[in-house]
Amino acid sequence: MRTHLSKARLATAEGGRANAMLRSCVHCGMCNAVCPTYQALGDELDGPRGRIYLIKGLLEDFGGGDSGESVKESVKVVQTHLDRCLTCRACETVCPSAVPYGELLEIGRAEVERRAQRGSWDRLLRWGLGWLVPNVRWFPRLARLGQWFRWALPRRLAAALPKRPEPTAEPAVAEQPSTAPQALLLRGCVQREATPATHAAAIRYLNARGVEAMEVAGEGCCGGLNLHLGQSERALAAMRRNLDALRPHLAQAQWVVSTASGCGVTVKDYGRLLADDAAYAELATQVAAKTRDLSEVALELLENRDGAPSAAPLGRGRKVAWHPSCTLQHGQRLTGIVERLLAEAGHELVPVKDAHLCCGSAGTYSVLQPELAQRLRQDKLANLTAGRPDVIATANVGCQMHLASAACPVVHWVELLTPD
Ligand code: SF4
Ligand code: SF4
């Protein structure tokens, strides 16, 4: 794709990167075939190729000739179509030119936030979500309050609020390091409140296989939620906080482990995201290099078991519909691992149509784009339950909450691999 970014923009690190990414797109349109919003709305501008064109126009200042008012309108159009993007990155998986669409979208969204004014409700909602959801101190308190007064909340907020979790007995984590391989187990933000059973199951899973699961005081939101909202400064601040918390423990740890694929994909990207920060760039790269999704560690442990049985007896195998979250299959490109782990543990996987498509959760998307999110959820649930599973398993807290209205339980896959 030919581009005409101004010299001033090209001179910035962001402008230079965006230019190279834009030029790598050959506008073949293969990405449209797997894009959930293009399939749902049938509008070229709601597909990846159209959005790439919109970002190109934005970064070229729409040719520089438009009047002030018409530029404002053009920026609004870009904003509308970028807002509808789920950031699922299915388009990246199929792109023959390896266009890093997610990175380009980040640049486009940050530029739109700088240039387009939003309505007051939209601004308040985005500001509130960006402040509250990653806030590990206030989110649990206000979520509990919201659970009591769910009836009084606007419908889309009430629907997105996590259900009160079942009380979970949390296994002990090591306080002092031992000689066993160590995993720094991230707790993140929403997951610790909404689905604490995942963390407890991950500790049991690792401990049962001779890995010491350690928690890190002061660790919290990975920054991904703010990043998707185009709030780059807040996102970077959350990343630096996490890095400060991890710093003292990193040398002795074999892995930094995430049980939420949405967080893992962001932490694995810390090196790129903080590359221009002289104080944190090196640490960010080290943390990213040690970060693994739990399924990667589980696979490594499985392959190193030297012929010994891998797991404690798990009882009756169950019929499982596997929903690979987008951040696992497209963001981290981890496919086939959880399926293998579940099958080795004696579970039966039922076939699921269109497994590559997003369920509509996508961070705060279900609150900000409720109609589209519900439509995608309906389709996803129909596909997931077509094989009459006993349980639906996924790898990310957002999907787990979004799909919770299914007729059968929805759990994190590790809960199916650990006896209580
Ligand atoms: S598949 Fe890749 S190269 Fe083709 S239009 Fe989409 S982003 Fe561009
Ligand atoms: S990230 Fe997902 S929703 Fe956005 S353009 Fe790509 S495929 Fe479509």
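Engineer: Just to check I follow, could you spell out the site of ligand 2 for this structure?
Structural biologist: Within the structure, ligand 2 sits among Cys 35, Pro 36, Thr 37, Pro 48, Arg 51, Cys 85, Leu 86, Thr 87, Cys 88, Arg 89, Cys 91 and Tyr 101. Of all the elements in the fold, those that place two or more residues in the shell around ligand 2 are helix H3 (36-41) and helix H4 (48-59). Looking at the shell around ligand 2, its residues break down into eight nonpolar, two polar and two charged.

Engineer: Sorry if this is basic, but what is going on with the site of ligand 1 here?
Structural biologist: Residues in close proximity to ligand 1 include Cys 25, Val 26, His 27, Cys 28, Gly 29, Cys 31, Arg 49, Ile 52, Cys 95, Pro 96, Ser 97 and Val 99, which together make up its full environment. With respect to the pocket detection grid, ligand 1 is positioned in the second largest cavity.

Engineer: Where do I start with the sheet that holds strand S6 (residues 348-349) in this structure?
Structural biologist: Strand pairing in a sheet relies on backbone hydrogen bonds. The paired strands run either parallel or antiparallel. The strand order across the open sheet built from four strands is S6-S5-S7-S8, with neighbouring strands paired in parallel fashion. Each edge of the open sheet carries a strand with a single partner, namely S6 and strand S8 (410-412). One ladder, built from four bridges, connects strand S5 (residues 319-323) with strand S7 (residues 391-394); its direction is parallel. Bridge assignment links Val 320 to a residue of S7, and that residue is Val 391.

Engineer: I tried to follow empty space enclosed by the protein on my own but got confused; where do I start?
Structural biologist: It is the rolling of a water-molecule-sized probe over the atoms that shows where space remains empty. In the structure shown here, the tally under the stated rule is four cavities of 30 Å³ or more. The calculated volume of the largest cavity comes to roughly 190 Å³. Lining the largest cavity are 19 residues, and of these Asp 83, Arg 109, His 228, Thr 364 and Leu 368 lie nearest its centre. If you list the elements that add at least two residues to the lining of the largest cavity, you get helix H5 (68-83), helix H7 (101-115), helix H13 (224-228) and helix H21 (365-368). Split by residue class, the lining of the largest cavity holds eight nonpolar, six polar and five charged.

Engineer: Sorry, what's going on with the pairing of S7 here?
Structural biologist: Successive residues of a regular strand alternate their side chains across the two faces of the sheet. On S7, burial covers both faces: Val 391 and Ala 393 on one face and Ile 392 and Thr 394 on the other are all buried. Sheet topology places S7 next to S8; three bridges connect them, and they run parallel. Of the residues in S8, the one forming a bridge with Thr 394 is His 412. Note on the crossover from S7 through helix H23 (residues 397-402) to S8: the handedness is right-handed.

Conventions and cut-offs
- Residues numbered from 1 in each chain as written.
- Chains lettered and ligands numbered in written order.
- Predicted model: local features only at pLDDT ≥ 70, side-chain atom pairs only at ≥ 80, totals over all residues.
- Heavy atoms only, no water.
- Near = heavy atom within 4 Å.
- Helix = DSSP H or I, 4+ residues; strand = E, 2+ residues; numbered from the N terminus.
- Nonpolar A, V, L, I, M, F, W, Y, C, P; charged D, E, K, R; others polar.
- 1 Å grid on protein atoms, 1.4 Å probe; cavity = no way out; pocket = protein on both sides within 12 Å on 5 of 7 lines; lining within 4 Å.
- Sits in = over half its atoms within 2 Å of the grid points.
- Pairing = 2+ DSSP bridges.
- Points joined across faces, edges and corners; volume = space filled by probe spheres on them.
- Buried < 20%, exposed > 50% of the residue type's maximum accessible area, 1.4 Å probe, protein only.
- Right-handed = clockwise from strand over helix to strand, strands pointing away.

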